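# Understanding the architecture of this molecule
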Amino acid sequence: MTTSAVSNLEFTITGMTCASCAARLEKALNKLNGVTATVNFALERASVAVPAGYNPQLVVDEVAKAGYTAALPQPQTEPADNDRELASLRSRLITAIVLATPVIAMAMIPVLQFRNWQWASLALAAPVVVWAGRPFHAAAWANLRHGAATMDTLVSIGTLSAFLWSLYALFFGTAGHPHLHHGFTLTVAPGDGTGNIYLEVAAGVTLFVLAGRYFEQRSKRRAGAALRALLELGAKDVAVLRRDMLRPDGPGVELRIPVEQLNVGDEFVVRPGEKIATDGVVVSGSSAVDASMLTGESMPIEVGEGDVVTGATVNAGGRLVVRATRVGGDTQLAQMAKLVEAAQSGKAKVQRLADRVSGVFVPIVIAIAVATLVAWLVAGFPVAAAFTAAVAVLIIACPCALGLATPTALLVGTGRAAQLGVLIKGPEVLESTRKVDTIVLDKTGTVTTGRMTLVDVIAAPDTDRAALLRYAGALEDSSEHPVAQAISKAAGAELGPLPAPEGFMNIEGKGVQGVVDGHAVVVGRESLLAEWSVYLTPALSKAKLRAESEGKTAVAVGWDGSARGILVIADTVKPTSAEAIRQFKRLGLTPVLLTGDNEIVADRIAGELRIAHVIAEVMPADKVAVVQRLQSDGKVVAMVGDGVNDAAALATADLGIAMGTGTDVAIEAADLTLVRGDLRAAVDAIRLSRKTLATIKTNLFWAFGYNVAAIPLAALGLLNPMLAGAAMAFSSVFVVGNSLRLRSFTSTNRLGDMG
């Protein structure tokens with residue numbers, strides 16, 4: 001089979017319950033001849049490179065052999081399929097809550113133990129263990145076939161052991177007696193195991209673990225939403241120009257069509273405020289285009305005839321006619337979607353803590369159970385007594401608290417985070433915060449406001465500052481250019497209502513002119529003033545050069561034949577950013593400023609914030625490369641951003657943090673979202689995530705610890721149902737109580753100094 005030509009196939013995978021499933025499936029696929037595969041648990045997708053002519057069915061068969069299901073994705077039905085699977089999990093959870101609650105209550109509260117209560121418990125517990133717990137049993141069986149053990153294995157062995165032993169005790173032992181009573185005695189003494197039932201253990205563990213799995217699955221479902229949000233950013237329809245058959249030499253007729261029907265070579269009209277439908281070249285007209293979402297540049301880009309424009313950017317100025325050069329999957333927006341998908345697929349697979357612990361714990365428990373059985377038989381005890389002790393080991397090894405350990409801490413931690421303005425996407429995110437040592441910060445909209453703001457007004461010695469602002473503001477108020485709007489907004493806020501200009505004229509790419517209060521005013525580039533024989537004084541020229549050397553925009557103003565002043569416009573640093581940078585450093589993180597802006601602007605912002613590492617003039621694909629380069633240097637990278645241009649980098653970083661004031665794409669691609677546009681919330685996000693992870697680890701330690709302590713009692717045949725129930729209840733109460741401590745987490749903004 002030749003491998004000179006390679007085809008890339010995408011398969012939708014169902015049946016994976018944890019990251020270790022994805023790792024095992026990936027290993028199995030890569031054993032196929034000529035196949036290279038990457039399996040993503042979050043996206044439930046396998047990217048498979050196969051030789052040309054390779055039969056996809058071979059991949060599907062291999063996936064089925066591994067215990068999962070593969071199909072070539074069908075975008076139209078995939079969301080419905082996802083919803084159906086989640087709905088199935090929700091149905092199992094609701095059933096488990098309704099049926100398992102009375103089973104647990106009857107076992108733990110003796111006063112509820114009416115005549116033949118154990119048979120009622122059996123009727124309620126059976127559907128919970130068999131049907132509601134089926135996903136765990138199916139996953140455990142798949143794991144067993146591949147010689148692996150996860151939390152599913154532990155849950156399945158424990159619940160089935162408890163359930164099957166209870167069946168044996170009810171039908172063949174003495175537990176079926178109408179007057180069976182589980183008292184409060186916690187004494188440990190050898191007894192007849194066939195008089196004990198453990199239905200509450202089987203039903204309770206299934207319920208708690210199922211609840212944790214449901215909430216985790218629900219957050220995982222949103223992982224692919226970044227791509228949908230990204231593609232929805234583009235224009236939905238477009239005003240395409242069609243030649244009039246009656247007037248073939250005329251300007252053409254505008255026809256609104258869906259953007260999907262646009263072809264390469266078509267000419268279309270973009271009015272002020274509209275999105276550019278696709279990548280193309282300007283045929284006529286000139287304007288300022290806001291491309292910050294793609295490039296990160298805070299300043300709008302001036303475009304005219306012959307200039308290249310990008311789809312989904314916004315026309316902020318005049319009318320443009322554009323000829324389409326790329327459509328559909330070839331556009332820059334579509335390429336960015338592919339970048340995000342590739343980044344999400346390649347993201348480090350974080351296996352659940354419970355799975356890793358279970359991988360060691362399960363074989364040990366099974367070994368102890370087998371050793372117990374053999375030891376009792378060798379010691380000459382009856383077979384029934386030996387099996388009683390062995391099964392008791394398996395039962396006590398399945399702690400209810402294990403199912404509560406992660407979801408309760410996550411529930412309390414994410415709830416507290418939401419109060420502080422931080423949204424945590426899922427439990428796997430928390431592990432990513434543990435070793436982060438470098439935090440990459442997008443400039444525009446993250447550490448800065450992302451908006452043009454008037455930062456300085458420099459008047460000539462013989463000019464009144466208020467008059468300078470009034471005349472310039474009145475004239476710019478009639479312009480749609482972002483820089484003009486920054487000037488008019490500042491003037492209006494400081495001086496109140498502005499006069500209406502007369503004879504207003506917009507000179508494309510240069511500035512504006514008109515008459516204000518009887519004065520002929522011109523505002524714009526120095527070259528525009530020169531056309532009116534108005535020249536800057538040495539002092540004003542020096543002020544202009546100084547502003548531009550700092551990466552700011554300087555606008556010249558003149559009237560009545562004289563230069564009157566300079567207005568300085570810039571993207572300003574948010575008031576809270578400097579404090580956030582100081583707090584990052586206290587957490588041991590190295591801040592890196594990353595921006596599409598030029599080096600002059602980047603250095604000015606970095607100097608203001610005391611950030612030593614600056615990387616400027618980077619495009620979206622370059623941002624991914626920067627993050628990957630830091631990772632290859634051994635850094636564990638967190639990335640904070642807010643724009644479409646940051647989405648792929650957010651997905652690539654070990655920890656992606658999105659500003660909630662930014663685009664949906666960035667938010668969906670990130671692991672954490674800051675509801676406010678305050679960078680200090682990122683400090684809280686990292687601190688709280690680390691504390692929540694520590695709480696989960698403590699919970700897991702005690703969840704296993706309480707039950708491990710009882711294993712010797714079970715092995716010696718000294719375990720009774722109430723002792724097992726008490727251990728289960730006590731460990732669960734501890735786990736919940738420990739998780740509730742997260743509610744006391746305090747924001748550093750209130751603490752003032754972290755020390």
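Keep in mind it's a predicted model, so treat the numbers as computed, not measured.

## As for the side chain of asparagine 738
By the element assignment, asparagine 738 lies in helix H26 (residues 721-740). Look at asparagine 738 and you get buried, because its relative accessible area is 8%. Within the structure, asparagine 738 has its side chain in polar contact with the side chain of arginine 741 (distance 2.6 Å).

## Details of the side chain of threonine 576
By the element assignment, threonine 576 lies in the loop between strand S21 (562-573) and helix H20 (577-586). Here threonine 576 falls in the buried class, since its relative accessible area comes to 18%. Among all residues touching threonine 576, those that are not within four sequence positions of it are Asp678, Leu679 and Arg680.

## Section: the UniProt feature "transmembrane region" (unreviewed entry) in the chain
Mapped onto this numbering, the UniProt entry gives "transmembrane region" (unreviewed entry) at residues 93-113, 119-142, 154-177, 197-215, 357-378, 384-406, 699-716 and 722-740. Note that residues 119-142 is 96% helix and 0% strand, and that its end C-alpha atoms are spaced 32 Å apart. Helix makes up 75% of residues 154-177 and strand 0%, with an end-to-end C-alpha separation of 31 Å.

## Describing empty space enclosed by the protein
Unfilled space is identified by rolling a water-sized probe across the atoms. One pass over the full model with this rule turns up two cavities of 30 Å³ or more. Of the volumes computed, that of the second largest cavity is approximately 30 Å³. Lining the second largest cavity are Leu154, Ile157, Gly158, Val362, Val365, Ile366, Leu394 and Ala397. Secondary structure elements with two or more residues in the lining of the second largest cavity: helix H6 (151-171) and helix H11 (353-378). Taken together, the residues that form the lining of the second largest cavity break down as seven nonpolar, one polar and no charged.

## As for the packing of aromatic side chains
Taken as a whole and assessed by the stated rule, the structure comprises seven aromatic pairs. Note on tryptophan 376 and phenylalanine 381: the rings are 4.7 Å apart at their centroids and 45 degrees apart in plane angle, and the pair reads as tilted. For tryptophan 376, a relative accessible area of 15% puts it in the buried group. By relative accessible area, which is 44% here, phenylalanine 381 ends up partly exposed. For the pair tryptophan 702 and phenylalanine 734, a centre-to-centre distance of 5.0 Å together with 55 degrees between the ring planes defines the contact as tilted. With tryptophan 702 in helix H25 (residues 680-715) and phenylalanine 734 in helix H26, this residue pair connects regions lying 32 residues apart in the sequence.

## Considering the confidence of the model for the chain
With 82% of its residues at a pLDDT of 70 or more, the chain shows a mean pLDDT of 79. The lowest-confidence element of the chain is helix H8 (residues 225-231), averaging 55 in pLDDT; the highest-confidence one is helix H4 (residues 117-132), averaging 92. Taken together, the stretch residues 75-80 has pLDDT below 50 and engages in three contacts with residues farther than four places along the chain or on a different chain. Segment residues 184-189 is flagged for pLDDT under 50; beyond a separation of four residues in sequence, or across chains, it makes 15 contacts in the model.

## Structural notes on the sheet that holds strand S1 (residues 6-14)
Sheet architecture is open: four strands sit in the order S2-S3-S1-S4, paired in antiparallel fashion. Each having just a single partner strand, strand S2 (36-40) and strand S4 (69-71) make up the two edges of the open sheet. On average, adjacent strands in this sheet sit at an angle of 30 degrees to one another, irrespective of strand direction.

## With respect to the sheet that holds strand S14 (residues 422-424)
One open sheet holds the seven strands; their spatial order is S14-S26-S25-S24-S15-S22-S23, and the pairing between them is mixed. Bordering the open sheet on either side are S14 and strand S23 (613-615), each of which pairs with just one other strand. Across this sheet, the average inter-strand angle for adjacent strands is 20 degrees, counted without regard to direction. Bridging between strand S24 (residues 637-641) and strand S25 (residues 655-659) involves four bridges; their strand directions are parallel. Bridge assignment links glycine 641 to a residue of S25, and that residue is alanine 658.

## Structural notes on the pairing of strand S18 (residues 511-516)
Among the six residues of S18, five are classified as buried, and the element is accordingly described as predominantly covered. Two elements, strand S17 (residues 502-507) and S18, share four bridges in a ladder whose sense is antiparallel. Bridge pairing in S18 links methionine 505 to glutamine 513. Between S17 and the antiparallel strand that follows it, S18, lie three residues; glycine 509 among them carries a positive phi value of about 80 degrees. Relative to strand S19 (residues 519-524), S18 is paired through six bridges, and the arrangement is antiparallel. Paired with glycine 511 across the strands is glycine 524, a residue of S19. Taking the residues that link successive antiparallel strands as the turn, the S18-S19 hairpin has two residues, and the phi of aspartate 517 there is positive, at about 50 degrees.

## Observations concerning the packing of helix H16 (residues 465-476) against helix H17 (residues 482-495)
Following both chains from N to C, one finds H16 and H17 inclined at 130 degrees, their axes separated by 8 Å at the closest point. The angle between H16 and H17 places the two elements in the oblique class. Like other packed secondary-structure pairs, H16 and H17 cross with a definite hand, here left-handed. Residues Arg465, Ala466, Leu469, Arg470, Ala472, Gly473 and Glu476 of H16 form the contact with H17, whose participating residues are Ala484, Gln485, Ile487, Ser488, Ala491, Glu494 and Leu495. The residue makeup of the contact of H16 with H17, split by class, is seven nonpolar, three polar and four charged.

## What to know about the environment of aspartate 671
For aspartate 671, the position within the fold is in the loop between helix H24 (664-669) and strand S26 (672-674). For aspartate 671, a relative accessible area of 12% corresponds to the buried category. In sequence terms aspartate 671 and methionine 639 are 32 residues apart; their C-alpha atoms lie 9.9 Å from each other.

## Some points on the pairing of strand S3 (residues 45-51)
The buried fraction of S3 amounts to six of the seven residues, a majority that puts the element mostly inside the structure. By the bridge criterion, seven bridges tie S1 to S3 in an arrangement that is antiparallel. Counterpart to serine 7 in the pairing with S3 is valine 50.

Cut-offs applied
- Residues numbered from 1 in each chain as written.
- Predicted model: local features only at pLDDT ≥ 70, side-chain atom pairs only at ≥ 80, totals over all residues.
- Heavy atoms only, no water.
- Helix = DSSP H or I, 4+ residues; strand = E, 2+ residues; numbered from the N terminus.
- Buried < 20%, exposed > 50% of the residue type's maximum accessible area, 1.4 Å probe, protein only.
- Polar contact = N/O pair within 3.5 Å; in protein donor to acceptor, adjacent residues only side chain to side chain.
- Contact = heavy atoms within 4.5 Å.
- UniProt positions renumbered as here; feature names shortened; annotations may be inferred.
- 1 Å grid on protein atoms, 1.4 Å probe; cavity = no way out; pocket = protein on both sides within 12 Å on 5 of 7 lines; lining within 4 Å.
- Points joined across faces, edges and corners; volume = space filled by probe spheres on them.
- Nonpolar A, V, L, I, M, F, W, Y, C, P; charged D, E, K, R; others polar.
- Phe/Tyr/Trp six-rings, centres within 6.5 Å; stacked < 30°, edge-to-face > 60°.
- pLDDT = per-residue confidence, 0-100.
- Pairing = 2+ DSSP bridges.
- Axes fitted to C-alpha atoms, helices over the stretch in contact; angles between N-to-C directions.
- Parallel < 35°, antiparallel > 145°, perpendicular 65-115°, else oblique.
- Left-handed = near helix turned anticlockwise from the far one by under 90°.

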